[in-house]
Amino acid sequence: MASGPVVIEVRGKVAIVWVDNPPVNALSQAVRQGLSDAVAAVEADAKVAAALILCRGRTFIAGADIREFGKGPLEPLLTDVIARIEASPKPWAAAIHGTALGGGFEVALGCCWRVMDSRAEVGLPEVKLGIIPGAGGTQRLPRLTGVATAIEVVTSGRRIGAGEAQKLGIADAVVDLEPGEEFADRALAAVEAWLAAGTMPVPVSARPVPPLDAAEAEKLIAKAVERARGQLSPGEAARAVADALTLDFAAGLAAERARFLKLVGHPQAKALRHAFFGERELSKLPMLDGVKPRAVSTIAVVGGGTMGAGIAVAAADAGYTVTVLETDAAAAKRAAERIHGIYQGYAERKRIPADAVGVKAAAIDITTEIGDLGTADLVVEAVFEDAEVKRDLFRRLDKVVRPGAVMATNTSYLDPNRIAAATGRPAEMCGLHFFAPANVMRLVEVIETADTAPDVLATAFAVALKLGKLPVFARVCDGFIGNRIWATVRRHYEFLVEDGASPAEIDAAMTAYGFPMGPFAVYDLSGLDISWSWRKRNMADRAPDVRYVDIPDRLCEMGRLGRKTGAGWYDYASGKAKTDPVVEALIAEERARKGVTARPVAAETIQRRALAVMANEGARILEEGIALRPLDVDMVMIHGYGYPAWRGGPMFEADAIGLPTVLGWIEEAHAAGGPGFEPARLLVELVQQGRTLADWAQSR
Ligand code: 3H9
């Protein structure tokens, strides 16, 4: 075969089956057909004794073509292609470089032998797309690793490095390439050696499944279900693997297929596909088209607090030369300790070797001399959230930072336009709003001020991508995308408390919805004082008809600022969040003062109000041009605020439920919340036109 994405090259007795389907060799229909035809061609060629799958480009097959999902099955089915490979009288091997994921790993499991580049990884990440492996992965993997490991692998979707794969019996050989060596040559040599040995391994599907107690399997399934917080795929994946204990291979495969088909068209899978492609759309912006980012190799971070230290570590790990500016020697020492602490944590979690901690921490330069920032290509400010402090800092930075360098503020709530105006070069300023801990959280809001130059914006995106972050474009408003939505919905949660729900009921409703933590637990964790000072600044002279709940102010006045003070909405004296009679009494007192008769609030009411308020605020953010597309809002809420990815984010979910229904809920929220909670004009118009947000985004 000389054309198409699958091409055969015969070398001696081995047919190399080259797969070449950029960018990630996904198993499109043409690739499946090509592999199927290759089996026939290899069988027909008398000179050939074995076949070896190798992939062009950066990776082995990264899975089924996700874009084909939802279009109905196209022949040949992957399961059948793999069955042909496995049943062939001539042994097939897979040579894995990059990542063999999902269907790609399943193809490899259908081969007799697997040889891996020592840097390669394998994995079954299907659960992250709301599905389960659908081409034998749940039945072949436990035959190699045992059921318990296979359940762990399919339910986490994690990747397995070559070393571990060899220990687990997944990889038959691992090759460490010497400089100048070709992986193809080494893999070919491995196949020739196996052929020479003359023993053909038993196909994986014909191997016995190592026994596991049924009760033990049930426990593992229950654990997967619990961890998934409402997402169906991990539980289904665990059940599919456990089927291997009771069903023979053919029946197990049929059961896997049935589970796969049930999930692939499920709304959760659609939402997770939206999340997958949404992440990859974030930096594809018309205003960045053809704009060249400025070169950045040195990054200065001003402030070595929790945020600054996290940013510095993220930047250093991405290969930048990093300097942190602190105010004095004592603060510099604390910053150094914080950075050391982050790397220490990495070592404890085995992300880096213990002896690398000191070297990595020492690579980040800490200075108290602002003049040392003169050579930086990008300066990120992460100091105390106070407008005057920041303006003063930028005035001083303006004098030392070299012309052409980009300057960014990491403010969460302040106006970057005002901060930029303190410099003589507002065009070179933007906002880079990281989320704490900045070395872990992937979300970064990239803020375009009124003056940000296009190539400054492009530089901010390029750097954020190099840091492995998910940069989301936003324009200036109070709280940008995420904090603005969070602040709005938080107010609504407070209304619900005043109306009759307890903080614990609201937290339970929202964790049942799929959030990792309830809003009041989050509130306590981040500290009640942040929103207290915001309210003092922004809500002190509110109109009399604006609904205002005094409970959080009263809590702050009592010194209950959240976890850091041992008490907030909850009491933490025991180390765990406990409902506190003091708070219950305060809530009762406030209800009485306002003449509110507490009424029970059902969990569904809390959940639909939360969705309605978030989607409504998101729509306003869109109509004001603060965010460009609904997917930007969704990605912020998923990656910064724990919105369950399997719901797709508030904008996607509003579309999925139906905008007319959601508008009805928004009107309910408006009736309860009053001014400030009016339905967004954009949503009202879309409902009148019978359109969706996705449709609106497409037509712009
Ligand atoms: C499966 O296999 C089901 C089977 O069990 C059963 C079937 C019956 N399909 O991420 P990147 C695109 S489910 C289509 O930026 P990286 C991606 O959208 C699948 N397109 O690169 C992007 O497009 P664009 C299980 C795909 O180097 C471009 O490729 N497999 C697919 O940072 C580059 O992607 C997975 O879940 C795909 N499968 O990371 C693996 N994958 O340039 C999903 C990628 O237009 N993929 N694209 O924006 C990944 O995890 C990463 O892409 C990978 C490379 C690690 C491979």
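To be clear, the structure that these remarks concern was listed above.
The sections below set out a description of the structure shown in this document. (Residues numbered from 1 in each chain as written. Predicted model: local features only at pLDDT ≥ 70, side-chain atom pairs only at ≥ 80, totals over all residues. Heavy atoms only, no water.)

Quick word on the overall build of the chain
Tallying secondary structure elements over the chain gives 29 helices and 17 strands in all. Reported as C-alpha extents along the three principal axes, the dimensions of the chain are approximately 90 × 60 × 55 Å. Once local pairs closer than 6 in sequence are excluded, the contacts in the chain between residues at least 24 apart make up 73%. A total accessible area of about 28,400 Å² is found for the chain, and carbon and sulfur atoms account for 55% of it. When the 79 positive and 87 negative side-chain charges of the chain are each reduced to one mean point, those points stand 1 Å apart. (Helix = DSSP H or I, 4+ residues; strand = E, 2+ residues; numbered from the N terminus. Contact = heavy atoms within 4.5 Å. Areas by Shrake-Rupley, 256 points an atom, 1.4 Å probe, with all protein chains shown as cover. Lys, Arg positive; Asp, Glu negative; His and termini not counted. Charge placed at Lys NZ, Arg CZ, Asp CG, Glu CD.)

A closer look at the site of the ligand
The full set close to the ligand counts 28 residues, and Arg58, Glu106, Glu126, Arg280 and Lys284 are the nearest of them. Backbone polar atom of alanine 62 to a nitrogen atom of the ligand: 2.9 Å apart, as the coordinates give it. The separation between an oxygen atom of the ligand and a polar side-chain atom of arginine 280 is 2.8 Å. Protein contact buries 77% of the 1,000 Å² of open area that the ligand shows by itself. Elements supplying a minimum of two residues to the shell around the ligand: strand S5 (99-101), helix H3 (103-109) and helix H11 (267-281). Ranked by residues supplied to the shell around the ligand, first place goes to H11 with three residues. Classifying every residue of the shell around the ligand by side-chain character gives 15 nonpolar, five polar and eight charged. (Near = heavy atom within 4 Å. Polar contact = N/O pair within 3.5 Å; in protein donor to acceptor, adjacent residues only side chain to side chain. Nonpolar A, V, L, I, M, F, W, Y, C, P; charged D, E, K, R; others polar.)

Let's talk about the packing of aromatic side chains
Scanning all chains against the criterion turns up 14 aromatic pairs. Relative to tryptophan 569, the ring of phenylalanine 520 lies with its centre 4.6 Å away and its plane at 65°, an arrangement referred to as edge-to-face. Of this pair, phenylalanine 520 sits in helix H20 (residues 519-526) while tryptophan 569 sits in the loop between helix H22 (551-557) and helix H23 (581-594), and the two are 49 residues apart along the sequence. Exposure remark for phenylalanine 520: the relative accessible area of 1% places this residue in the buried category. Classification of tryptophan 569 by relative accessible area gives buried; the value is 2%. (Phe/Tyr/Trp six-rings, centres within 6.5 Å; stacked < 30°, edge-to-face > 60°. Buried < 20%, exposed > 50% of the residue type's maximum accessible area, 1.4 Å probe, protein only.)

So, the sheet that holds strand S9 (residues 173-175)
Here six strands make up an open sheet; going across it, the order is S1-S2-S3-S4-S6-S9 and the pairing mixed. Lying at the two open borders of the sheet, with one neighbouring strand each, are strand S1 (6-11) and S9. Put simply, the sheet's adjacent strands are angled 20° from each other on average, direction ignored. Bridge count between strand S3 (residues 50-55) and strand S4 (residues 92-96): three bridges; the pairing is parallel. Paired with alanine 51 across the strands is tryptophan 92, a residue of S4. (Pairing = 2+ DSSP bridges. Axes fitted to C-alpha atoms, helices over the stretch in contact; angles between N-to-C directions.)

Notes on the packing of helix H27 (residues 659-673) against helix H28 (residues 681-689)
Between H27 and H28, the least distance of the axes is 9 Å, while the angle of their chain directions is 140°. One way to sum up the angle between H27 and H28 is to call them oblique. Relative to H28, the crossing made by H27 is left-handed. Packed against H27, whose contacting residues are Leu659, Pro660, Leu663 and Ile666, the element H28 presents Leu683, Val684, Leu686 and Val687 at the interface. Among the residues making up the contact of H27 with H28, the classes are represented as eight nonpolar, no polar and no charged. (Parallel < 35°, antiparallel > 145°, perpendicular 65-115°, else oblique. Left-handed = near helix turned anticlockwise from the far one by under 90°.)

Section: the pairing of strand S14 (residues 406-409)
Along S14, one buried face is formed by Val406 and Ala408 and the opposite face, lined by Met407 and Thr409, is buried too. The pairing of strand S13 (residues 378-381) with S14 spans four bridges and is parallel. Pairing of valine 380 across the sheet is with alanine 408, part of S14. Once you follow S13 into helix H15 (residues 387-400) and on to S14, the crossover reads as right-handed. Pairing analysis gives three bridges linking S14 to strand S15 (residues 429-434), with the strands arranged parallel. (Right-handed = clockwise from strand over helix to strand, strands pointing away.)

Considerations on the pattern of salt bridges
A complete count under the given rule lists 52 salt bridges for this structure. Arginine 158 is paired through a salt bridge with glutamate 152; the nearest N and O atoms lie 2.9 Å apart. Linking glutamate 617 and arginine 620 is a salt bridge whose minimum nitrogen-to-oxygen distance equals 3.9 Å. Note that glutamate 617 and arginine 620 are positioned in helix H24 (residues 603-623) at a spacing of three residues, about one turn of the helix. One exposure class covers both glutamate 617 and arginine 620, and it is buried. Linked by salt bridges that have partners in common, Glu498, Asp499, Arg547, Asp550, Arg554, Glu589, Glu590, Arg593 and Lys594 make up one network. (Salt bridge = Lys/Arg side-chain N within 4 Å of Asp/Glu carboxyl O.)

Looking at helix H18 (residues 482-499)
In this model H18 runs 26 Å from its N-terminal to its C-terminal C-alpha over 18 residues, within 8% of the 26 Å that 1.5 Å per residue would give. Once H18 ends, the next one or two residues include glycine 500, with phi positive near 150°. (Expected span 1.5 Å × (residues − 1).)

Overview of the sheet that holds strand S12 (residues 365-367)
Taken together, eight strands build an open sheet; the order of strands is S12-S11-S10-S13-S14-S15-S16-S17 and the sheet is mixed. Both edges of this open sheet fall to S12 and strand S17 (470-475), since each of them pairs with a single strand only. Shown here is a sheet whose adjacent strand axes are inclined to one another by a mean of 25°, direction ignored.

Topic: the pairing of S15
In terms of burial, S15 is a largely internal element, six of the six residues being buried. Burial along S15 is two-sided: Met429, Gly431 and His433 facing one way and Cys430, Leu432 and Phe434 facing the other are all buried. Handedness of the crossover joining S14 and S15 through helix H16 (residues 416-421) is recorded here as right-handed. Judged from the four bridges that link them, S15 and strand S16 (residues 443-448) form a sheet pairing that is antiparallel. Looking at the pairing, leucine 432 lines up with valine 446 of S16.

Re unusual backbone geometry
In the segment running from glutamate 75 into proline 76, the intervening peptide bond is cis, with an omega of -10°. For proline 76, the position within the fold is in the loop between S3 and helix H2 (78-87). Residues alanine 436 and proline 437 are joined by a peptide bond in cis, for which omega reads -10°. In this structure, asparagine 25 is a non-glycine residue whose phi angle is positive, near 55°. Along the polypeptide, asparagine 25 turns up in the loop between strand S2 (14-19) and helix H1 (29-44). For asparagine 25, a relative accessible area of 1% puts it in the buried group.

Some points on the side chain of aspartate 117
Mapped onto the elements of the fold, aspartate 117 is located in strand S6 (residues 113-117). There is a polar contact of 2.7 Å between the side chain of aspartate 117 and the side chain of arginine 119. Residues in contact with aspartate 117, not counting those within four places in the same chain, are Ile96, His97, Ala162, Val174, Val175, Leu177 and Phe183.

Focus: the environment of valine 313
Turning to its location among the elements, valine 313 is positioned in helix H12 (residues 306-317). In the structure, valine 313 is positioned 50 residues away from alanine 363 in sequence and 9.7 Å away in space, judged by C-alpha atoms.

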